[in-house]
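Here's the letter readout for the chains.
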Amino acid sequence: MSKPFYITTPIYYVNDVPHIGHAYTTIAADVLARWHRLIGEEVFFLTGLDEHGQKVQQAAAKAGVSPQEHCDGLTPQFQTLWQKLGISNDGFIRTTDARHQAVVQRFLQELYDKQFIYRAEYTGWYCTFDERFWTEKDVDNGRCPDCQRPVEQLSESNYFFRMSQFQQRLFDHIEANPSFIRPESRRNEVLGFLQKPLEDLSISRPKSRLSWGIELPFDADYVTYVWFDALVNYISGLEYLPPRPSLDRWWPATVHLVGKDILTTHAVYWSTMLMALEIPLPHTIFAHGWWTMDGEKMSKSRGNVVDPYAVIDRFGADAFRYFLLREIPFGQDGDFSHESFIGRINGELANGLGNLLSRTVTMIQRCCPGTAPTPDPSAVTGLETDLQAAAESLIQKTLPHHFQRIEFNRTLEAIWGLVQLGNQYIDKTAPWVLAKNPDDAKRLQTVLFHAAETLRFLCLAAYPFMPNTAREMARQLGLPYDFSQALLKDPIAWGAGESGATVVKGKALFPRVDAPATPSSAQPQPKSSASTSKAEDTLIGIQDFQRVELKVAKILTAERIPKSSKLLKLQVDLGTEQRQIVAGIGKKYGPEDIVGKTIVVVANLKPAKLMGVESQGMVLAAGDEEVQGLVTLQEETEIGTRVK
Ligand code: MSP
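Here is what the cut-offs are and how they apply
Residues numbered from 1 in each chain as written. Predicted model: local features only at pLDDT ≥ 70, side-chain atom pairs only at ≥ 80, totals over all residues. Heavy atoms only, no water. Helix = DSSP H or I, 4+ residues; strand = E, 2+ residues; numbered from the N terminus. Buried < 20%, exposed > 50% of the residue type's maximum accessible area, 1.4 Å probe, protein only. Contact = heavy atoms within 4.5 Å. Areas by Shrake-Rupley, 256 points an atom, 1.4 Å probe, with all protein chains shown as cover. Lys, Arg positive; Asp, Glu negative; His and termini not counted. Charge placed at Lys NZ, Arg CZ, Asp CG, Glu CD. Near = heavy atom within 4 Å. Polar contact = N/O pair within 3.5 Å; in protein donor to acceptor, adjacent residues only side chain to side chain. pLDDT = per-residue confidence, 0-100. Axes fitted to C-alpha atoms, helices over the stretch in contact; angles between N-to-C directions. Parallel < 35°, antiparallel > 145°, perpendicular 65-115°, else oblique. Left-handed = near helix turned anticlockwise from the far one by under 90°. Nonpolar A, V, L, I, M, F, W, Y, C, P; charged D, E, K, R; others polar.

Re the overall build of the protein
Working step 1: In terms of helices and strands, the protein carries 21 helices and 26 strands.
Working step 2: Considered along the principal axes of its C-alpha atoms, the protein spans approximately 105 × 70 × 40 Å.
Working step 3: For the protein, buried positions account for 53% of its 644 residues.
Working step 4: Taking as baseline every contact in the protein between residues at least 6 positions apart, the subset at least 24 positions apart corresponds to 75%.
Working step 5: Approximately 28900 Å² of the protein is accessible, and the part contributed by carbon and sulfur atoms is 49%.
Working step 6: Computed over 67 positive and 76 negative side-chain charges, the separation of the two mean positions in the protein equals 5 Å.

Structure follows, in structure tokens:
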């Protein structure tokens, strides 16, 4: 049987609608789950909801409904979001599930019977928001050291778990297992935390103060502390959710993904609970960083919370998934900035991967209609062997290495390295030029074959991150891939692509985003101005300018149009296609002056006829009546690049 891979996300509080933090961890877990299924491992991916405790009780009271009604009402908000984001979880747990509650009670009873739980009077400083007591030395000027809200002194009889007994054992375990807590900086934080004396943990709440929780099996006046209840989900879920429920099969978990703020509860509370229950510890607890929005902490009161629903509706799930994992190293904090998001969509997704697919499919359709390109060994050059080596090394070495280390941004960097190589390959080999000469037929087929193979490798590599995109790529490339199968279980060989596959041109993978947009729930309103000056009437907005699609092009051929001293007929290369443009530059330039020049053209102008010759664009040149010079580029620039 294959190696099992059990991955979890935190279970989310249902006190409010889902936000970017929930989406982030869940997407990351999904990418890992998809990768491990793709390489043939048996995967169980668990996510769900944390439904008990003070936060949920308060939110329900505020909404004027019972806590259960409140949870039932919000659950679809999470489930629908996961569907929209393409989350492939195998289980969805709710802590109000009767079977989860039964496991929590069983564990409590076991620990109570083993005398790991005792009752004691406790006086301390209580933070209602964090639902926890702090000691005198923790409290910061009457405020909670964690959330900075005021704390109140409370004296209460409660049940305690003898967490302190496990301090040394936990410390030793962390020291002996470098991959138990990751990244390393977080591991050091936990080791630092364990240098101070570890206290016992209050695991009960009197019903008089909080009634929304799982009743203690040995005292009906108390409910279970929400964290004790919630952490047990990682085990209870295995007892009733997988297709073949089995603790032995799945436990210990391979990875618990958590945010940095809930690392202590996982690394310390959960680990010591497991030790007391004599259950092995998970292999890895990985703590990721937090997102800010345009440099500021996200909060409802600031109105800068990123609403995942709004982002998906505007940019699509795959672009969101890509951005979150590409922008910052997993484990570090990062900023969600619109400029950066749109920059990556346009640069890396539309111009990078989208362009590579579209130009390849277009050329294959044009040059080998109805069939697939067939390579000819005599036409293979160093360019092809380099491309092949890069693609094979990406799939066979780089991806397994980075996925193993949970380095999403490095993985994506490596995949986009191949995207870039693929685009450069097409620029260098210029298949549209080869297509003109029947003597180059073998070379043309070889080039198109290698471009298609590169895309096949890219489609498999991109699948865990962007499942919809990978499916669309496979469809356009004519690959009969069923991504629910372990397509990378056995090494894939270059050249073993589905030869004979018929490509089908489809829509652009990623439409370019032209207008700056705010994908948060807080859409800034346009500023109203009391008076509009005359000068402003003639000004255009950036959106107006961006409607003009300017692109870098190369002049392939030029000839004079008979009976015109001014017009030249040009064939230009636009990267993805070749166009005919009639330009009024004939008085300034002869054909011989301009062939081979890199220029800028308007690529989305309606075609028109000039002296009976069709023009499919416009060349940019300076001058009014008389042309003074063509617009060219100072640096060598890839053909087809957008000019802004
Ligand atoms: N219910 C507990 C977890 C119990 S697990 C046994 C909980 N829930 S939560 O809904 O408040 O938070 C869930 C996750 O969202 C945490 O991992 C937290 O780190 C993450 N995030 C909340 N805001 C975030 C950002 N701004 N950025 C990234 N992640 C953030 O805690």
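On we go from here.
Re the site of the ligand
Working step 1: Residues in close proximity to the ligand total 21 residues, the closest being Ile11, Asp50, Gly259, Asp261 and Trp291.
Working step 2: Take His22: an N or O atom from its side chain is 3.0 Å from an oxygen atom of the ligand.
Working step 3: A distance of 2.7 Å separates a nitrogen atom of the ligand from a polar side-chain atom of Asp50.
Working step 4: Surface burial for the ligand is 93%, taken as the share of its 670 Å² of free accessible area covered by protein chains.
Working step 5: For the shell around the ligand, the elements supplying multiple residues, two or more each, are β1 (4–13), α1 (20–38), α7 (226–231) and α8 (233–240).

Remarks on the confidence of the model for the protein
Working step 1: Mean pLDDT over the protein works out to 91, with 94% of the residues at or above the 70 mark.
Working step 2: Counting contacts from residues 517–537, a segment whose pLDDT is below 50, to residues more than four positions away or on other chains yields 24 contacts.

Overview of the packing of helix α13 (residues 338–367) against helix α18 (residues 467–477)
Working step 1: Running from N to C, α13 and α18 point in directions that differ by 15°, and their axes come no closer than 11 Å. Relative to α18, the element α13 lies roughly parallel. Seen from above, α13 lies across α18 with left-handed handedness. Residue-level contacts link Leu353, Leu357 and Val361 of α13 to Thr469, Met473, Gln476 and Leu477 of α18.
Working step 2: Of the residues that constitute the contact of α13 with α18, the class distribution is 5 nonpolar, 2 polar and no charged.

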